[in-house]
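# Tertiary structure, described
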Amino acid sequence: MASDEPKAKKLKLSDDEKTEPPSKKAAAELSSNLLFGMGNPLLDISAVVDKDFLDKYSLKPNDQILAEDKHKALFDELVKKFKVEYHAGGATQNSIKIAQWMIQEPHNVGTFFGCIGKDKFGEILKQKAEAAHVDAHYYEQDEEPTGTCAACITGDNRLAIKRRVVKCVNDKCLIILFPSPRSLIANLAAANCYKKEKHLDLEENWELVEKAKVYYIAGFFLTVSLESILKVAKHASEKNKLFCMNLSAPFICQFFKDNLMQVMPYIDVLFGNETEATAFAQKQDFETKDIKEIAKKAQALPKVNTKRQRIVVFTQGKDETIMALSDKIETFPVLKIDPKDIVDTNGAGDAFVGGFLSGLVQEKPLDQCVRAAHYSANVIIQRAGCTFPEKPDFK
């Protein structure tokens, strides 16, 4: 699959880092907890249901809603009445899973922090994270249940859904779920309850943060615990480690601009897609809609750790990926794919980041990171949900 990639110029992560691919010895030096992620964990639950089930909970075949009180019993009934599939979900957790899948060995290179409930869904989420060989350390509390996303599929159509939180106020979140042939009900619940002082600050947890050399947090977490993000970001900056973040959604740039810009000076690698980049540019008064120019301007924003040049990576769906580094712009065509082979594009962004991170943590040149990112996204869009085969065939 990777044969369609261009032979791009190798780029440096920093002035004192080598641009050559890592040796076999270097790759063998990978160990547990080198990649750290923190975000909103959700247990994705999917099942093929009948019309009676949809009617009982006033769901339409293409419903996309946030769970209300009348839906509280839905999740348990879904599990009891139908054959369900579980997956550890949430944007950051998905990316850490993909990175670990690309790396394969050793296990637990990826660490993940987030908040869940003390309940059966939380236990299942822990099991699924373990099965994905991710070292998940959840903050477990009993005030809110584990965040879940139920996908009620009618008939044989198993296309997945795109989930976007658009506004959070006092832990109440509005979610827009884009049209899809399945009915989806999301309950963020515990995912919004992460507490720095009760989890991140604990000595045994902070030791895991210190072990990492690459950090990734999706922009969604800006609505949950800015103080946690800043603590990790400042640590990475002080120790000259790589701190990566994702714009995640236009609403993050629009409604959480202040939070985002508090973190921006610490960001070494900034991810986003063309829609998010445009929203970011508008709020920053960049006065341009050209994605390359936006990438250059974002790259040039003030930065605390001057030992590293910021890298900005913007994807554009089927169009070329743009990377800004210093005063240079690199472009990378995506892998070709027959449209009939595309099953679900909604996990593409998480998968792209996961592939890129797998390269970063192995200290591969940036063009190799992009190749891994394109490969990961290419695999995921040919499957329902953010799922993947047992092993990658990336070379």
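What counts and how
Residues numbered from 1 in each chain as written. Predicted model: local features only at pLDDT ≥ 70, side-chain atom pairs only at ≥ 80, totals over all residues. Heavy atoms only, no water. Helix = DSSP H or I, 4+ residues; strand = E, 2+ residues; numbered from the N terminus. Buried < 20%, exposed > 50% of the residue type's maximum accessible area, 1.4 Å probe, protein only. Contact = heavy atoms within 4.5 Å. Areas by Shrake-Rupley, 256 points an atom, 1.4 Å probe, with all protein chains shown as cover. Expected span 1.5 Å × (residues − 1). Axes fitted to C-alpha atoms, helices over the stretch in contact; angles between N-to-C directions. Parallel < 35°, antiparallel > 145°, perpendicular 65-115°, else oblique. Left-handed = near helix turned anticlockwise from the far one by under 90°. Nonpolar A, V, L, I, M, F, W, Y, C, P; charged D, E, K, R; others polar. Pairing = 2+ DSSP bridges. Arc of directions from axis to C-beta. Right-handed = clockwise from strand over helix to strand, strands pointing away. Phe/Tyr/Trp six-rings, centres within 6.5 Å; stacked < 30°, edge-to-face > 60°.

## Section: the overall build of the protein
A tally of regular secondary structure across the protein gives 14 helices and 16 strands. Looking at the protein residue by residue over its 395 residues, the buried ones come to 56%. A fraction of 75% describes how many contacts in the protein between residues 6 or more apart in sequence connect residues 24 or more apart. Counting every atom, the protein has about 17,500 Å² of accessible surface; 47% of that belongs to carbon and sulfur.

## Concerning helix H14 (residues 366–380)
Two residues of an α-helix separated by three or four positions point the same way, owing to the 3.6 residues in each turn. With 15 residues, H14 extends 21 Å between its outermost C-alpha atoms, agreeing within 8% with the 21 Å of an ideal straight helix rising 1.5 Å per residue. The buried fraction of H14 amounts to 14 of the 15 residues, a majority that puts the element mostly inside the structure.

## Digging into the packing of helix H11 (residues 274–283) against helix H12 (residues 291–299)
Between H11 and H12, whose axes approach to 10 Å, the crossing angle comes to 60 degrees. Between H11 and H12, the interaxial angle falls into the category oblique. The crossing of H11 and H12 is left-handed. Contacts from Glu-274, Ala-277, Thr-278, Phe-280 and Ala-281 of H11 reach H12 at Ile-291, Ile-294 and Ala-298. When the residues that make up the contact of H11 with H12 are grouped by side-chain class, the tally is six nonpolar, one polar and one charged.

## A few points about the sheet that holds strand S11 (residues 214–218)
If you walk across this open sheet you meet the nine strands as S6-S5-S1-S11-S12-S13-S14-S15-S16, and the pairing is mixed. Strand pairing shows two members of the sheet lacking a second neighbour, strand S6 (135–141) and strand S16 (328–332), which therefore form its edges. Sheet twist, expressed as the average angle between the axes of neighbouring strands with direction ignored, equals 20 degrees. As judged from the three bridges shared by strand S1 (residues 35–38) and S11, these two strands associate in the parallel manner. Looking across to S11, one finds that Phe-36 is bridged to Tyr-215. The strands touched by helix H5 (residues 120–131) are strand S5 (110–117) and S6; relative to S6, the strand with the most contacts, the crossing angle is about 170 degrees. Packing against the sheet, H12 makes contact with strand S13 (269–273), strand S14 (311–316), strand S15 (319–325) and S16, and its axis sits at approximately 25 degrees to S15.

## What about helix H7 (residues 203–211)?
Residues of H7 that are buried include every one of Asn-205, Trp-206, Leu-208 and Val-209, and no others. When H7 is viewed along its axis, its buried side chains cluster within an angular range of 150 degrees and face the same direction. Facing away from the buried side of H7 by more than 90 degrees, the exposed set consists of Glu-203 and Glu-204. In the core, the buried residues of H7 are packed alongside S1, S5, S6, helix H6 (196–200), S11 and helix H8 (226–238).

## Observations regarding the pairing of S5
In terms of residue burial, S5 counts as a mostly covered element, since eight of its eight residues are buried. For S1 and S5, the ladder comprises four bridges, and the chain directions are parallel. Across the sheet, residue Gly-37 finds its bridge partner in S5, namely Phe-112. Where S5 meets S6, seven bridges bridge the pair, whose relative direction is parallel. What sits directly across from Phe-113, in S6, is His-137. The parallel pair S5 and S6 is bridged by H5, and the resulting crossover is right-handed.

## Observations concerning the packing of aromatic side chains
Aromatic ring pairs are described here by two measures, namely the spacing of the ring centres and the angle between the planes. Tallied over the entire structure, the rule returns 16 aromatic pairs. For the ring pair Phe-36 and Phe-113, a centre distance of 4.8 Å and an interplane angle of 85 degrees mean the geometry is edge-to-face. Taken together, the positions of Phe-36 in strand S1 and Phe-113 in strand S5 put the pair 77 residues apart, joining distant regions of the chain. For Phe-113, a relative accessible area of 0% puts it in the buried group.

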